[in-house]
Amino acid sequence: MTETMQKQPTKERVSTYVYFCSLYFITVGALYLWGYWATFNVNILEYLSLADIIKSTAYPIASAFVFSAIGAILGELTSDSNNLPSGGGRDTLVGKLLHKIAPYIVFAYLCGTIALLIFGPVGKWHILPILLAFPAYAFAKKQGFLQTIIPHDSSRSIVIYLLAMLPTFAYGYGRLNAEQIVSGIKYQYALSPINNIDSGKQDDPTQRLRFIGHSGDFLFFYEPTKSSLVISKFENGKALILNYYKRPR
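Calculation notes
- Residues numbered from 1 in each chain as written.
- Predicted model: local features only at pLDDT ≥ 70, side-chain atom pairs only at ≥ 80, totals over all residues.
- Heavy atoms only, no water.
- Buried < 20%, exposed > 50% of the residue type's maximum accessible area, 1.4 Å probe, protein only.
- Helix = DSSP H or I, 4+ residues; strand = E, 2+ residues; numbered from the N terminus.
- Pairing = 2+ DSSP bridges.
- Salt bridge = Lys/Arg side-chain N within 4 Å of Asp/Glu carboxyl O.

Student: Explain the pairing of strand β2 (residues 210–215) to me, please; I cannot follow it from the model alone.
Tutor: Two faces belong to every sheet, and in a regular strand the side chains alternate between them. Among the six residues of β2, five are classified as buried, and the element is accordingly described as predominantly covered. By the bridge criterion, two bridges tie strand β1 (residues 186–190) to β2 in an arrangement that is antiparallel. Bridge pairing in β2 places Gln188 opposite Phe211. Strand direction decides the pairing type here: β2 and strand β3 (residues 218–223), joined by five bridges, are antiparallel. Of the residues in β3, the one forming a bridge with Phe211 is Phe221. Counted between consecutive antiparallel strands, the loop separating β2 from β3 contains two residues, among which Gly216 sits at a positive phi close to 65°.

Student: I keep staring at the pattern of salt bridges and nothing clicks. Help me out?
Tutor: Side chains bearing opposite charge may pair, as long as their charged atoms lie close to each other. Counted under the stated rule, the structure contains three salt bridges. Here Asp52 ties to Lys55 by a salt bridge, and the two come within 3.6 Å at their closest N and O atoms. You can see Asp52 and its partner Lys55 sitting in helix α2 (residues 50–77), three residues apart, about one turn around the helix. Classification of Lys55 by relative accessible area gives exposed; the value is 63%. Between Arg156 and Asp153 there is a salt bridge, with its nearest N and O atoms 3.2 Å apart. Taken together, the residues span about one helical turn, with Arg156 and Asp153 both in helix α5 (residues 153–183) at a distance of three residues. The exposure class assigned to Asp153 is partly exposed, which follows from its relative accessible area of 34%.

Rendered as structure tokens:
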């Protein structure tokens, strides 16, 4: 009887985690779409269902985020913090100094991160997800988040850190991908006419319509010469021919 009562709360906690994980990953996908499509002033969520959000964002986010995950795992495995006794460095001269100036370091960290978030160029999204993840990670770790599911401290630290970083990483990755299209760094461009719309100079990929994406029967293109958005409905029986361009270094 007692064993059954102990297992029940655990099952309920797992069910709660699964429910919120589903909401979490839908939110992550929506943030990626927001970062990407907002650059072109398109509310793509009007064209997508919840299932479409997951299907259209799972691969690009996962394929890019895997490198961050590997870095976090290697960082945790090579860290010597787990081999130090609790408070072992606090009584040293350096430890006392760091403990004294810690509030100032935290204040400078937060001010610098907020300033970068507000005033930094688009390239800030290469580093901002890491900077924004640390406060969320520290708070969640202190509150014992996932402790009942992942009792091992190092493994839990990795999972919490990655979960803390993923939302801003997804949004920033969307912004960076969109910026590559707008700035002409790399993109797909149309070779075929789009519903009688001129797709640009045949011999100059930088002047042709740049493919943004699609949703259902709708195709979205960026017109570089006028910095405008082109929305076209895909017609059955017609092929969309795209080519890839990457600006030479």
